Amino acid sequence: MAAERGLPAALPGLEAQRRQVEGEGPEQPGRERPLRAGEKWYLLENHWYKQWRAYVESGDQNSISFPGRINNAELFEDTESYRLKDRLVEHEEYVLVPEEVWNKLVTWYGLEHDQPAIERKVVDLSSMQKVEVYLVELYLCQHSDMDNPVTAQFSRMDVIETVLKEARCQFSVPAEAETRLWVKNSDGSCERLRNLQMTVLDACLSSGQVVVMETRSKDGTWPSSRPHIMKNSLEDEELYQGQPGVCGLTNLGNTCFMNSALQCLSNVPPLTEYFLNNRYLDELNFNNPLGMKGEIAEAYADLIKQQWSGHHRSIVPRMFKTKVGHFASQFLGYQQHDSQELLSFLLDGLHEDLNRVKKKEYIELKDAAGRPDEEVAEEAWRNHKRRNHSIIVDIFHGLFKSTLVCPECGKVSVTFDPFCYLSAPLPISKDRVMEVFFVSMDPSKKPEQHRLIVPKAGKVLDLCHSLSKHTEVPAERMMVADVFSHRFYKIYQMEESLSCILDRDDIFIYEVSVSTLEDPATADAVVLPVYLRERTQGRDYSNTYYGVVLFGHPLLVSVPRDQLSWDSLYQLLLHRLSRYVTRPDSEEEEDPSEEDEEDLYNKRPNGLSEGEDEEEEETTAEGSTSQEPSSEAEENPLDASVGEEGAGVEGRPSPSPAPQRPPQSPQTPSSSPSPPTANQAKRKCCQKRRKLLFTLQAVNSNGTSDRTAAQDEGSTVSFNSQPYIAMDWDSNMRKRYYNEAEAEGYIKHDCMDFTPRKNPVRLQECLELFTTVETLEEENPWYCPTCKKHQLATKKLDLWSLPEILIIHLKRFSYTKFSREKLDTLVEFPVQDLDFSEFVIKPQKDTDPTLYKYDLIAVSNHYGGLRDGHYTTFARNKDSGTWFYFDDSSVSAVSKVQIESKAAYVLFYQRQDKIRHPAGSRDQDGGSGGGACCEPHPREQASRDFMDVD
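Residues numbered from 1 in each chain as written. Predicted model: local features only at pLDDT ≥ 70, side-chain atom pairs only at ≥ 80, totals over all residues. Heavy atoms only, no water.

Engineer: Account for the confidence of the model for the chain, naming residues and giving values.
Structural biologist: Per-residue pLDDT for the chain has a mean of 80; in total, 79% of the residues score no lower than 70. Low pLDDT, under 50, characterises residues 228-232; the predicted model gives this stretch 1 contact beyond four residues in sequence or across chains. Across residues 922-950, where pLDDT falls below 50, the model places 64 contacts with residues more than four positions away in sequence or in other chains. (pLDDT = per-residue confidence, 0-100. Contact = heavy atoms within 4.5 Å.)

Engineer: So what's going on with the sheet that holds strand β1 (residues 40-45)? Residues and values would help.
Structural biologist: Strand order across the open sheet formed by 4 strands is β2-β1-β3-β4, with antiparallel pairing between neighbours. Each end of this open sheet is capped by a strand with a single partner; those strands are β2 (94-98) and β4 (128-131). Direction aside, the axes of adjacent strands within the sheet are offset by 35° on average. In this fold helix α2 (residues 46-58) packs onto β1 and β2, with an angle of close to 85° to the strand it touches most, β1. Those strands touched by helix α3 (residues 99-109) are β1 and β2, and its axis lies near 105° from that of β2. (Pairing = 2+ DSSP bridges. Helix = DSSP H or I, 4+ residues; strand = E, 2+ residues; numbered from the N terminus. Axes fitted to C-alpha atoms, helices over the stretch in contact; angles between N-to-C directions.)

Engineer: So what's going on with the packing of helix α1 (residues 14-22) against α2? Which residues, and what values?
Structural biologist: In the contact formed by α1 and α2, the axes pass within 9 Å of each other and the chain directions differ by 135°. Comparing the axis directions of α1 and α2 gives the class oblique. Residues L14, Q17, R18, V21 and E22 of α1 form the contact with α2, whose own contacting residues are Y49, W52, R53, Y55 and V56. (Parallel < 35°, antiparallel > 145°, perpendicular 65-115°, else oblique.)

Engineer: Before we move on, can you summarise the pattern of salt bridges with the specific residues and values?
Structural biologist: Here the idea is simple: oppositely charged side chains can pair when their charged atoms come close. Going through the model one piece at a time under the given rule, you end up with 43 salt bridges. Residue K305 is joined to E178 by a salt bridge in which the shortest nitrogen-to-oxygen separation is 3.0 Å. Placement of K305 in helix α8 (residues 295-307) and of E178 in the loop between α4 (160-170) and β7 (179-184) is noted, with a sequence separation of 127 residues between them. Both residues of the pair, K305 and E178, count as buried. For D879, the salt bridge goes to R916, with nearest N and O atoms at 3.7 Å. Here R916 lies in the segment after β39 (904-911) and D879 lies in the loop between β36 (869-876) and β37 (883-887), a separation of 37 residues in the sequence. Salt bridges sharing common partners tie together R33, R36, E39 and E100. (Salt bridge = Lys/Arg side-chain N within 4 Å of Asp/Glu carboxyl O. Buried < 20%, exposed > 50% of the residue type's maximum accessible area, 1.4 Å probe, protein only.)

Engineer: I'd love a proper account of the sheet that holds strand β13 (residues 412-419), names of residues and values included.
Structural biologist: Strand order in this open sheet of 4 strands is β13-β12-β29-β26, and the pairing throughout is antiparallel. Single-partner strands in this sheet number two, and they are β13 and β26 (774-775). Packed on one face of the sheet, helix α11 (residues 373-387) meets β12 (398-405), β13 and β29 (794-801) and runs near 40° to β13.

Engineer: How would you summarise the pairing of strand β6 (residues 145-154) if you had to cite specific residues and measurements?
Structural biologist: With 6 bridges connecting them, strand β5 (residues 136-142) and β6 associate as antiparallel partners. If you follow Y139 over to β6, its bridge partner there is T151. Taken together, β5 and the strand that follows it, β6, pair antiparallel across an intervening segment of 2 residues.

Engineer: If you had to explain the nonpolar core to someone new, which residues and values would you point to?
Structural biologist: Counting residues in each nonpolar core, the largest one holds 57 residues, and the members touching the most others are L265, L271, F275, Y300, F320, F396 and F908. Other than its neighbours up to four places away in sequence, L265 contacts L271, T272, Y300, L343, L346, L347, F396 and F908. The next biggest cluster of nonpolar side chains, apart from the first, holds 38 residues, and it includes F400, I808, F836 and V840. (Core = buried A, V, L, I, M, F, W, Y, C linked by side-chain atoms within 4.5 Å.)

Engineer: Describe a negative patch on the surface, and please don't skip the residues or the numbers.
Structural biologist: Taken together, the side chains of E765, E768, E828, E838 and E900 present a region of like negative charge at the surface. As for its position among the elements, E838 is in the loop between β34 (834-835) and β35 (853-864). Judged by relative accessible area, which is 59%, E838 ranks as exposed. (Patch = residues over 30% accessible without salt bridge, like charges linked within 9 Å, V, L, I, M, F, W, Y side chains within 5 Å. Areas by Shrake-Rupley, 256 points an atom, 1.4 Å probe, with all protein chains shown as cover. Lys, Arg positive; Asp, Glu negative; His and termini not counted. Charge placed at Lys NZ, Arg CZ, Asp CG, Glu CD.)

In structure tokens form, the structure reads like this:
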């Protein structure tokens, strides 16, 4: 009977069938067993199932209730698409059976011809397993044709990679083409489906959503990343065919540091081939809490594919810059940064985004404890790879040995630590060169410019001692000041450090008549800071507003205490300026205006007058007047010296306090001549008076605010708070009597012809400094486990193993407690055959000598100083072997002899046994190839100034 009905001859009995399908105990659970996530279950039409159940319960194999072949037709909307009907109800229209039960039923009874099995998976929804009867129906379309989608169904447990494969199949995308998916949201925005191993459920995809497949263009760009480019521009880019890798990067605004680092990495052959061959796609780590969700790796891959497509002369790395700023806030905006700092961030970011270790385990570090170095080093490297395993580790990571020795108990601690690059120090000179101007007390001498060699850690007194050797003026009779914008920015004390004086500062050193090392209160003379100002009348309705403009070089003038009257000070300053200020002749000296005469007195203390006596004496060599003192004259001395406080100049940071002024002596009160009595004024009117070239005014340290003295009877002009004096010139007087060219003139001392030579250093010398024993600084002590306290131990680094790509960072930027500077020393580095065998302490035995020989492949250059500069790159093309110079968007071929310069900052070397020499390549001395985009590159000059490029 079984044969007649088309059933297998070995068909189990009806009761056996019932037990296997319905289940009987834990050994044979059947369809009643619990669900397990990921299992396959099948839909069975409920009418057929009831028929089968009645059949097996009848106990008669010949019963008329025989169900026949499995027929699920009632579950489908039609027999063409076999689309499942909506809103089917379990146990009414269908039942669910596990895969093993379904296979048995199909084996026993068969399946209607051409009917597909309705296979569904068990999914885990909020810790509850459920058979996914209805799949997620998505609309698939191409980015280039979004108006013609196709439908496809996916399980919630399907990974996004399954969706991508279905889309590629639906649209017949070639196997070599690179594609990616976007999901279109209800608001019209699109979101990348980055993680191809994420399930449809975890990606929150639901039925009815549109999934867009985008195909990378021939030029390496994604169509969605350049919507602003005109169609004809896109066609031009794709038609252009240059040499792959010879592609500039547009400067977005102070982003030359980023461009330089990217060009160096772009020309690291194993890393670039890793991205070009799409090997990174299988290693993207989207769940690493230390990574950037794969976004940095993808952004870098996009950049590399564009650079090496051969379809671009230059590209705009705006998307990459945005990604970097998003994950590293220090690179936000458009400030200048360090290419090495960006390089460090980028290598670390790529490593974490591509880390093959999905879950890092905790590893307890062990001390060497006297074990052999080989054992400890192997253990350290193995532990490192257990937590860090990526293409970056494979290519860039090496191992060095760190040895710490306690100075107290002699405890030796040995550890082996991985490194990604070597920061090699440059030999630093203990001296620095400073240029200053010396201003003599002799008014006939012009200022002298001197070039001095002083200790970097020295003090201002050391600067004065060095100048004293040239001028024979004792160091203690010098005062040092920073002059900025015609005023004193700061007046230094002898014990201040030279590190606070920058190379760009204008330093003037003045000869004074008193020793700056003794107490100013007991000195015979005081030193007054003096400014020159031009007073101009304002244009208001009253014509009483006066504006002032500083000009010329300020002075530090020594004034004897017994000659501190306004008149004496006027004559002294006139004498001090005699080299470039012309005295009026005898005809010009007369000023008979009685109105002016009285105005002169009324403007006190801003104005000056001659002494109150009728008789005048000749001015002395120091500019003081010799006369019999009257009772009024005795009240005129000015007791003043250099003040304590100096306000900061706008645009520059506020300086530290200037030297302290001694307290005013009560025996010599600061005062101005008393206003003349009526009889005196009347007597004066009958006399002919001398015309004044300038007037004197007490001012603040900036020279911008006047200090008005009281004008009561016996009034005084106090210098307690503001010891600065301004010489106010009328515009006409300045034009007639002040010689601008002579005032600005100076001479150069013979020492200015001396230029200290900086001898070049070899790269090997820098590496020797890297491995030199050093003592830890107080800010970074080591905790000795034996002494149970922090110690300033000695530390020595040695190279144990080297990576395939060795990055050497030359520490040109020096930051110490004494100074901050950029070292422009020429470092001589080999382009080929850099031998590290003498620096690697790992036993070499009979290893291949090429394992320690490296060839240069890229150089990041920095031109300029600490605060500004420009970055460029020299790099060797991996395909042609030609060297190119990358200066932002400009690219040109160069020869090897142009590579070595004082600008070299970060060096990239590749181990010789890993270098693939291009077929037909040659050692080019003049540079060859370069494609149509390359222009001849003139030989780099050491003096080339890139300061204003960015």
